[in-house]
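Here are the chains, one letter per residue:
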2 protein chains.
Amino acid sequence: MEIKVVRKILEENDNAALAIRRKLRSRNQCMVNFMSSPGSGKTLLLEKLIPLLLESGLRVGVIEGDISTARDAMRLQHLGIPIAQINTEFFGGDCHLAAPVVMTALQALEEHPLDIVLLENVGNLVCPAEFDTGSDLNVTLLSVTEGEDKPLKYPLMFRSADLALISKTDLIEATEADVPLIRRNMRQINGELKILEVSAKKGVGLNELKAQIVELHRKTTV
Amino acid sequence: MEIKVVRKILEENDNAALAIRRKLRSRNQCMVNFMSSPGSGKTLLLEKLIPLLLESGLRVGVIEGDISTARDAMRLQHLGIPIAQINTEFFGGDCHLAAPVVMTALQALEEHPLDIVLLENVGNLVCPAEFDTGSDLNVTLLSVTEGEDKPLKYPLMFRSADLALISKTDLIEATEADVPLIRRNMRQINGELKILEVSAKKGVGLNELKAQIVELHRKTTV
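Throughout, residues of each chain are indexed from 1 in the direction in which the sequence is written. The naming scheme follows written order: chains are lettered A onward, ligands numbered 1 onward. Local features in a predicted model are, by the rule used here, given only for residues with pLDDT of at least 70; side-chain atom pairs are given and counted only at 80 or more, and totals for whole chains, interfaces and linings are based on all residues. The basis for every side-chain value is the complete set of heavy atoms in the structure, and neither hydrogens nor water enter the calculation.

**Points about the relation of the copies chain A and chain B**
Okay, step 1: Note on the copies: chain A fits chain B at an RMSD of 0.0 Å, the axial shift is 0.0 Å, and the rotation between them is 180°. In the structure described here, the two chain copies are related by an operation that fits a two-fold rotation axis. C-alpha atoms of residues with pLDDT of at least 70 in both copies form the basis for the least-squares superposition of the copies.

The structure is reproduced here in structure tokens:
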């Protein structure tokens, strides 16, 4: 185990995040960071969202962050878009995507003319919130199967999010989830948070999410 | 942000874990560490498991690890057992329970004569696996809502587990989860792993889990 100094890591991360934002602006691109626990439905959401963005005429690329395997990238391969896979096990087994590693992945996508980069972070409701990835929008998913109290118990993740997705709403009945309570708990942590209910399986909420990303692209690019 | 050195942290952790095992042995106690993503059902499992252990004549205490809030401890309060709550936000916001903090919690429980300490780790499928808590049994929960591929994507958690619980089996139908595939993926990562299917909501698998913990207590104590 090499010796690392946390302060230096965070400074380096912020510098790399700044460089990423400059790079995105210079290429007229914007980037969206999707974060959540493992199994909240990030990959299926991307699989259903990306065709809608492509239909809007936007060119989409994906950066897949996982500790191990390229399984998520393989699930998206049939969409025929550029995908860069990061396996953090080759970067110390990190439990999050750090900006320097995201920069490497962006460089790997450089040959493709893209409008939007979708970043799927490592499944973890804690650590990814601590590291700025240089993204223009932070999206946090919380599935209805995870319990209404999670925004209160993992506050940083919901404080650092711009948009929260209550996912797997097709399971509300089976789980007896209290969605109004989830919303209240999210708002208690972050009064500014936008909240959308989605079911990637049933196609619910995807057009609204697409519209938000299209608008983000309009605002962040010339 | 204070400067920390990772190597030193891990050495200190291993030393504290060793001291915890000595302390448990000297008091004829054993400790079980429950780990999983947020919302895999750790707290409800404890709520249903503890009365079975109490009925077996064992004296049970709980250490609750959360970043923020004492909500899980409050959910267990009606059981009338000793509970020590750790909020890691007072220890740098750690995404896992480190052994020195667990030792502090054990000392807080010292006045109570206990046979078994159940440790509910911070909800996180990554980091808790990296830190030995001094426990005698590591249990990892994976709920059927989280996706069959998670053992492959978060291998360290399943490699460091002695026992895996496939939880929320009452949702198999609603989620169309492939339980045999979950089992195969767990075994691919850890051929030694014991696997139990449980539904805390429906009371399935709890007696088997109780029996394993009773047996652990028998083996680790005089």
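Next comes the rest of the write-up.
**Topic: the packing of helix 2 (residues 42-55) of chain B against helix 9 (residues 206-220) of chain B**
All names here are of chain B.
Okay, step 1: Every angle, taken between N-to-C directions, lies between 0 and 180 degrees, and every axis is a line fitted to C-alpha atoms, over only the stretch in contact when it is a helix. Strands here mean DSSP runs of E at least two residues long; helices mean DSSP runs of H or I at least four residues long; both are numbered from the N terminus. For the pair helix 2 and helix 9, the least separation of the axes is 10 Å and the interaxial angle reads 60°. It follows from the interaxial angle that helix 2 and helix 9 lie oblique. Here helix 2 and helix 9 pass one another in a crossing that is right-handed. Residues L45, K48, L49, L52 and L53 of helix 2 pack against L206, N207, L209, K210, I213 and V214 of helix 9. Convention used here: angles under 35 degrees read as roughly parallel, angles over 145 as roughly antiparallel, angles from 65 to 115 as roughly perpendicular, and any remaining angle as oblique. With the far helix as reference, a near helix turned anticlockwise by less than a right angle produces a left-handed crossing, and one turned clockwise produces a right-handed crossing. For this analysis, residues touch if any pair of their heavy atoms sits within 4.5 Å.

**Some remarks on the interface of chain A and chain B**
Okay, step 1: Counting residues at the interface gives 41 residues for chain A and 41 residues for chain B.
Okay, step 2: Carbon and sulfur atoms supply 59% of the area buried between chain A and chain B, which totals about 3,300 Å² over both sides.
Okay, step 3: For salt bridges, the criterion is a side-chain nitrogen of Lys or Arg within 4 Å of an Asp or Glu carboxyl oxygen. In this assembly, chain A and chain B are joined by six salt bridges.
Okay, step 4: B:D66 is the salt-bridge partner of A:K153, the closest N and O atoms lying 3.3 Å from each other.
Okay, step 5: Think of a polar contact as two N or O atoms within 3.5 Å of one another; within protein, one of them needs to be a possible hydrogen donor and the other a possible acceptor, and neighboring residues in sequence only count if both atoms come from side chains. The tally of links between chain A and chain B comes to 11 residue pairs in polar contact (both at pLDDT 80 or more). Throughout, buried area stands for the accessible area (probe radius 1.4 Å) lost by two parts on being put together, summed over both.

**What about the nonpolar core?**
If you look at soluble globular proteins, the nonpolar side chains tend to sit buried side by side.
Okay, step 1: Note on terminology: a nonpolar core comprises buried Ala, Val, Leu, Ile, Met, Phe, Trp, Tyr and Cys residues joined through side-chain atoms within 4.5 Å. Buried residues are those whose accessible area, probed at 1.4 Å on protein chains only, stays under 20% of the maximum for their type, while exposed residues exceed 50% and partly exposed ones sit between those limits. A:M31, A:I63, A:M186, B:M31, B:I63 and B:M186 are the most contacted members of the largest nonpolar core, which has 88 residues in total.
Okay, step 2: In contact with A:M186, other than residues within four places in its own chain, are A:L142, A:P151, A:F158, A:A164, A:I166, A:L193 and A:I195.

**A short note on the sheet that holds strand 2 (residues 60-66) of chain B**
All names here are of chain B.
Okay, step 1: Taken in spatial order, the seven strands make up an open sheet running 3-2-4-1-5-6-7, and their pairing is parallel. In this open sheet, the two strands that pair with only one neighbour each are strand 3 (83-87) and strand 7 (194-197). Strand after strand, the sheet turns through a mean of 20° between neighbouring axes, direction not considered.
Okay, step 2: Note on pairing: two strands pair once DSSP finds at least 2 bridges between them. In this sheet, strand 4 (residues 116-120) lies alongside strand 2 in parallel orientation, the contact comprising five bridges. Residue G61 lies in a different strand from strand 4, and its bridge partner there is V117.
Okay, step 3: In the packing of helix 2 onto the sheet, the strands contacted are strand 1 (30-35), strand 2, strand 4, strand 5 (137-143) and strand 6 (163-167), and the crossing angle to strand 4 comes to about 170°.

**Digging into the pattern of salt bridges**
Okay, step 1: In total, this model carries 20 salt bridges over all chains according to the counting rule given.
Okay, step 2: For A:K201, the salt bridge is made with B:E176, and the minimal N-O distance between the two is 3.2 Å. Residue A:K201 is located in the loop between strand 7 (194-197) and helix 9 (206-220), and its partner B:E176 is located in the loop between helix 7 (172-175) and helix 8 (179-189); the two belong to separate chains.
Okay, step 3: Assessed through its relative accessible area of 40%, A:K201 is described here as partly exposed.
Okay, step 4: Residues A:E215 and A:R218 are paired through a salt bridge, measuring 2.9 Å at the closest nitrogen-oxygen approach. Note that A:E215 and A:R218 are positioned in helix 9 at a spacing of three residues, about one turn of the helix.
Okay, step 5: The class of A:E215 is partly exposed, set by a relative accessible area of 34%.

**Considering the sheet that holds strand 2 (residues 60-66) of chain A**
The pairing of strands in a sheet happens through backbone hydrogen bonds and is either parallel or antiparallel.
Residue and element names in this part refer to chain A.
Okay, step 1: Taking strand neighbours across the sheet as the criterion, the seven strands line up as 3-2-4-1-5-6-7 in an open arrangement whose pairing is parallel. One side of each edge strand has no neighbouring strand; the edge strands of this open sheet are strand 3 (83-87) and strand 7. Between one strand axis and the next, the sheet turns through 20° on average, direction left out of account.
Okay, step 2: Direction of pairing for strand 6 (residues 163-167) relative to strand 7: parallel, over a ladder of four bridges. Within strand 7, the residue paired with I166 across the bridge is E197.
Okay, step 3: Where helix 4 (residues 99-108) meets the sheet, it contacts strand 1 (30-35), strand 2, strand 3 and strand 4 (116-120), and its direction lies at approximately 150° from that of strand 3.

**Structural notes on the pairing of strand 3 of chain B**
Residue and element names in this part refer to chain B.
Okay, step 1: Pairing of strand 2 with strand 3 involves five bridges; the strand directions are parallel. By the bridge assignment, I63 is partnered in strand 3 with A84.
Okay, step 2: The handedness rule is simple: strands pointing away from the viewer, and a clockwise path from the first strand over the helix to the second, make the crossover right-handed. Read from strand 2 through helix 3 (residues 71-76) to strand 3, the crossover connection turns out right-handed.

**Points about helix 8 (residues 179-189) of chain A**
Along an α-helix, a turn takes 3.6 residues, which lines up residues three or four apart on a common side.
Residue and element names in this part refer to chain A.
Okay, step 1: For helix 8, the set of buried residues is V179, I182, N185, M186 and I189. Angular distribution of buried residues about the axis of helix 8 spans 120°; they occupy a single face of the element. For helix 8, the exposed residues set more than 90 degrees away from the buried face come down to R184 and Q188.
Okay, step 2: In this structure, the buried side of helix 8 is in contact with strand 5 (137-143), helix 5 (150-153), helix 6 (155-159), strand 6, helix 7 (172-175) and strand 7. By arc we mean the arc of the directions from the helix axis to the C-beta atoms, nothing more.

**Quick look at the confidence of the model for chain A**
Okay, step 1: The quantity known as pLDDT measures the predictor's confidence residue by residue, on a range of 0 to 100. Here chain A shows a mean pLDDT of 94. Residues at 70 or above account for 97%.
Okay, step 2: This prediction of the complex comes with two scores: 0.91 for pTM and 0.86 for ipTM.

**Topic: the environment of B:P155**
Okay, step 1: Its place among the elements puts B:P155 in helix 6 (residues 155-159).
Okay, step 2: For B:P155, a relative accessible area of 8% puts it in the buried group.
Okay, step 3: Along the primary structure B:P155 and B:T133 are separated by 22 residues, whereas in three dimensions their C-alpha atoms are 19 Å apart.
Okay, step 4: Sequence-distant contacts of B:P155, defined by excluding residues within four places in its chain, comprise A:S68 and B:I189.

**Regarding helix 9 of chain B**
Residues and elements named next belong to chain B.
Okay, step 1: Every helix has an expected span of 1.5 Å times one less than the residues it contains. The end-to-end C-alpha separation of helix 9 is 21 Å, in line with the 21 Å expected for 15 residues at 1.5 Å each.
Okay, step 2: Where helix 9 is concerned, the buried positions are L206, L209, I213, L216 and H217. Buried residues of helix 9 fall within an arc of 100° about the axis and therefore sit on the same side. What points out from helix 9, more than 90 degrees from its buried face, is the exposed set N207, R218 and K219.

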